[in-house]
Amino acid sequence: MLDVVADGAGERFDSLPTPDRQCPANVMRHLYRAMDRNLRVEIDYMSMSSGRTTSQWIAPAGIGFDGERLHFRAWSFRHRQWRDYVPVRVSDASTFATEPLAERLPRDEEWETIVRVALRPRSDLSEEQQQQAAREEHGFDGKELVVVETRAALAFCLDRR
């Protein structure tokens, strides 16, 4: 997500910013309420791909955690498909207007499907790095592979990490 740029300016790196992983309480309250009451809700959402914030209607249906941050699974009325939303990208200034769902939403196959993913240390690491760093840090406990289960909709998060 970020590139390192060396500019020779002698910047100190002991105070690099930490990504904001906290979900604003107001945003979470509105999303949970819409999910619990089977409502659609209007949010202003910042897209990671375009960087633009757009107003859109979503129907939150589930919440998941990828080990780093929360994701809301929601039907996007704008895109006419199920999508993942990161609550920290929802503007606290959204209207949070709500409406009852007019019709039943399509089944979310990706959310309902559980996949098993086998993880191993990267092959480009030395044997020592694999044994002493990667396996200890990630809890391999003497196993060759670690197998985790996740929703198919969140499997890309494992690949990215």
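What counts and what doesn't
- Residues numbered from 1 in each chain as written.
- Predicted model: local features only at pLDDT ≥ 70, side-chain atom pairs only at ≥ 80, totals over all residues.
- Heavy atoms only, no water.
- Phe/Tyr/Trp six-rings, centres within 6.5 Å; stacked < 30°, edge-to-face > 60°.
- Helix = DSSP H or I, 4+ residues; strand = E, 2+ residues; numbered from the N terminus.
- Buried < 20%, exposed > 50% of the residue type's maximum accessible area, 1.4 Å probe, protein only.
- Lys NZ or Arg CZ within 6 Å of the ring centre and 35° of its normal.
- Expected span 1.5 Å × (residues − 1).
- Contact = heavy atoms within 4.5 Å.
- Pairing = 2+ DSSP bridges.
- Axes fitted to C-alpha atoms, helices over the stretch in contact; angles between N-to-C directions.

Next up on the list: the packing of aromatic side chains. Scanning the model with the defined rule gives three aromatic pairs in all. With 4.9 Å between their ring centres and 75 degrees between their planes, Tyr 45 and Tyr 85 make a pair best called edge-to-face. One end of the pair, Tyr 45, is in strand E1 (residues 39-46); the other, Tyr 85, is in strand E4 (residues 81-85), with 40 residues separating them in the sequence. Each member of the pair, Tyr 45 as well as Tyr 85, is classed as buried. Ring plane angle 75 degrees and centroid distance 5.6 Å describe the contact between Trp 75 and Trp 82, whose orientation is recorded as edge-to-face. The exposure classification of Trp 75 matches that of Trp 82, with both residues buried. Here the basic side chain of Arg 40 rests over the ring of Trp 57, its NZ or CZ set 4.3 Å away from the ring centre.

Now for helix H1 (residues 25-36). Given a rise of 1.5 Å per residue, 12 residues ought to cover 16 Å, and the 16 Å separating the end C-alpha atoms of H1 matches this to within 8%. Residues of H1 that are buried sit in contact with E1, strand E2 (53-65) and strand E3 (70-76). Asn 38 occupies a position one or two residues after H1 and carries a positive phi of about 60 degrees.

Strands sit in the order E4-E3-E2-E1-E5 across an open sheet of five strands; the sheet is antiparallel. Of all strands in the sheet, those with a lone pairing partner are E4 and strand E5 (98-100), marking the two edges. The mean angle between the axes of side-by-side strands here comes to 45 degrees, regardless of whether they run parallel or antiparallel. As paired strands, E3 and E4 are joined by five bridges and run antiparallel to one another. Directly across from Ala 74, in E4, lies its bridge partner Arg 83. Here H1 sits on the sheet and contacts E1, E2, E3 and E5; the angle it forms with E2, its principal contact strand, is near 70 degrees.

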